[in-house]
Amino acid sequence: MIAQFLRSSKPFHASRLSRVCQSYYSTAPSKPSLQHVAQLRKLTEVSISKAREALSQTNNDIQQALEWVKNDLAASGIKKAANVQSRETREGLVRSRGKTALGGGGIRAAMVELNCETDFVGRNTLFGQLAADIAHTAAFITEPTDSSTIIRSCSLDILNDAPLLSQNNPSSHSSSTVSSSIRDLIAKVGEKVSLKRAVTVVQNPFLESPNLGLRLASYLHGSVGSAPQGRIGSLAIIALKSPELAHRLQNDTFVKDLERLERALARQIAGFDTCLIKSSHGDETALYNQPFMMLGGESANEPVRMAIENWSKRQGLVQDGEEGGVEVLEFAKWNVGDVIG
């Protein structure tokens with residue numbers, strides 16, 4: 001073939017010889033298949049062009065392509081994070097994660113606020129999933145303490161350095177931290193993303209006090225899709241005290257009524273200008289002084305304090321003159337973009 005080119009009447013160029021030799025003595029990387037591109041995108045959520053580039057650079061090896069994407073996201077994330085560092089993040093989501101143990105009233109929960117620059121990114125699925133995973137991580141890594149408060153601020157330094165735990169796949173092991181996952185998201189969406197605040201609740205069960213129990217109430221307003229996340233979030237700790245508590249918690253109807261009460265209390269906190277629980281001056285920023293509109297029915301015209309007392313009596317938790325029943329101990333209420341003093 002080379003001799004044939006030398007005998008050709010056309011002007012000879014060394015570049016033509018080089019291209020011919022290369023075609024005979026080397027093999028060009030095969031074009032990434034659609035199946036490989038789809039598989040890599042499912043695993044990494046990167047763009048089609050980035051998935052193709054990763055596969056082309058790694059000769060269509062999925063494992064090597066995953067490592068390539070990881071390194072590329074880290075490099076581009078650091079660069080983009082530096083470029084957007086001075087921008088303001090006034091949009092985003094409040095996300096909560098929590099669980100109440102029926103038996104002894106133990107609870108474990110967290111609420112976080114993750115911010116971004118635009119509402120468009122705030123409604124992005126990747127953004128919402130990261131907020132969910134951060135809330136799950138915060139709830140999981142927090143240990144019980146002897147603090148006088150149940151809802152406690154979570155150190156952002158500790159949380160950012162923690163391995164990110166997946167809410168959807170808790171058994172998976174991630175090599176990414178919360179901060180590196182935020183950086184990776186910045187590389188994907190091109191906006192500044194920042195973790196603004198986090199609170200956690202961790203209380204062990206009252207195994208030696210069957211008459212006492214704690215419950216978690218939470219509500220998020222302005223949810224994106226069906227996910228429990230929104231622009232306004234409330235988290236409340238509810239105490240139950242009754243000699244009948246253990247027995248009542250075995251009744252499915254009672255548990256459903258209790259969950260309805262909990263949701264109504266959390267909605268009341270989120271929907272009203274609620275700043276505190278009790279006040280003796282008729283202050284309607286106090287939860288107990290507000291008409292319990294979120295519970296509805298006859299309770300809509302009753303103050304929250306009276307409504308939960310009557311509910312406790314109807315449910316057989318307490319009798320007239322007895323102490324106990326239901327009480328709201330603490331709550332946290334956030335709006336996306338709150339100015340923190």
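One can find the structure itself at the top, above this paragraph.
Quick caveat, the model's predicted, so the values are computed rather than measured. (Residues numbered from 1 in each chain as written. Predicted model: local features only at pLDDT ≥ 70, side-chain atom pairs only at ≥ 80, totals over all residues. Heavy atoms only, no water.)

Description of the packing of helix α7 (residues 125-141) against helix α9 (residues 178-189)
Running from N to C, α7 and α9 cross one another at 175°; their axes reach a closest spacing of 11 Å. Taken as axis vectors, α7 and α9 run roughly antiparallel relative to one another. Of the residues in α9, those touching α7 at L126, F127, L130, I134 and T137 are V178, S181, I182, L185 and K188. Grouping the amino acids of the contact of α7 with α9 by side-chain chemistry returns seven nonpolar, two polar and one charged. (Axes fitted to C-alpha atoms, helices over the stretch in contact; angles between N-to-C directions. Helix = DSSP H or I, 4+ residues; strand = E, 2+ residues; numbered from the N terminus. Parallel < 35°, antiparallel > 145°, perpendicular 65-115°, else oblique. Contact = heavy atoms within 4.5 Å. Nonpolar A, V, L, I, M, F, W, Y, C, P; charged D, E, K, R; others polar.)

Focus: the pairing of strand β7 (residues 232-241)
Judged by how many residues are buried, β7 sits mostly within the fold: nine of 10 residues are covered. One ladder, built from 10 bridges, connects strand β5 (residues 212-221) with β7; its direction is antiparallel. From the neighbouring strand, L216 faces β7, where its bridge partner is I237. Here 10 bridges tie β7 to strand β8 (residues 325-335), and the two strands are oriented antiparallel to one another. Counted as the bridge partner of G233 is W334 from β8. (Buried < 20%, exposed > 50% of the residue type's maximum accessible area, 1.4 Å probe, protein only. Pairing = 2+ DSSP bridges.)

So, the sheet that holds strand β6 (residues 229-230)
Sheet architecture is open: five strands sit in the order β3-β4-β2-β1-β6, paired in antiparallel fashion. Lying at the two open borders of the sheet, with one neighbouring strand each, are β3 (151-153) and β6. Relative to the sheet, α7 contacts β1 (91-100), β2 (107-116), β4 (194-203) and β6, its axis offset from that of β2 by approximately 145°.

Examining the side chain of T142
Locating T142 in the fold gives a position in the loop between α7 and β3. Given a relative accessible area of 10%, T142 falls into the buried group. Ignoring sequence-local partners within four residues, the contact set of T142 consists of R108, R152, T200 and V202.

Here's the deal with the sheet that holds β7
Read across the sheet, three strands follow the order β5-β7-β8 without closing on themselves; strand pairing throughout is antiparallel. Bordering the open sheet on either side are β5 and β8, each of which pairs with just one other strand. Recorded for the sheet is a direction-independent mean angle of 15° between the axes of neighbouring strands. Contacting β5, β7 and β8, helix α11 (residues 252-271) crosses the sheet at an angle of about 50° to β5.

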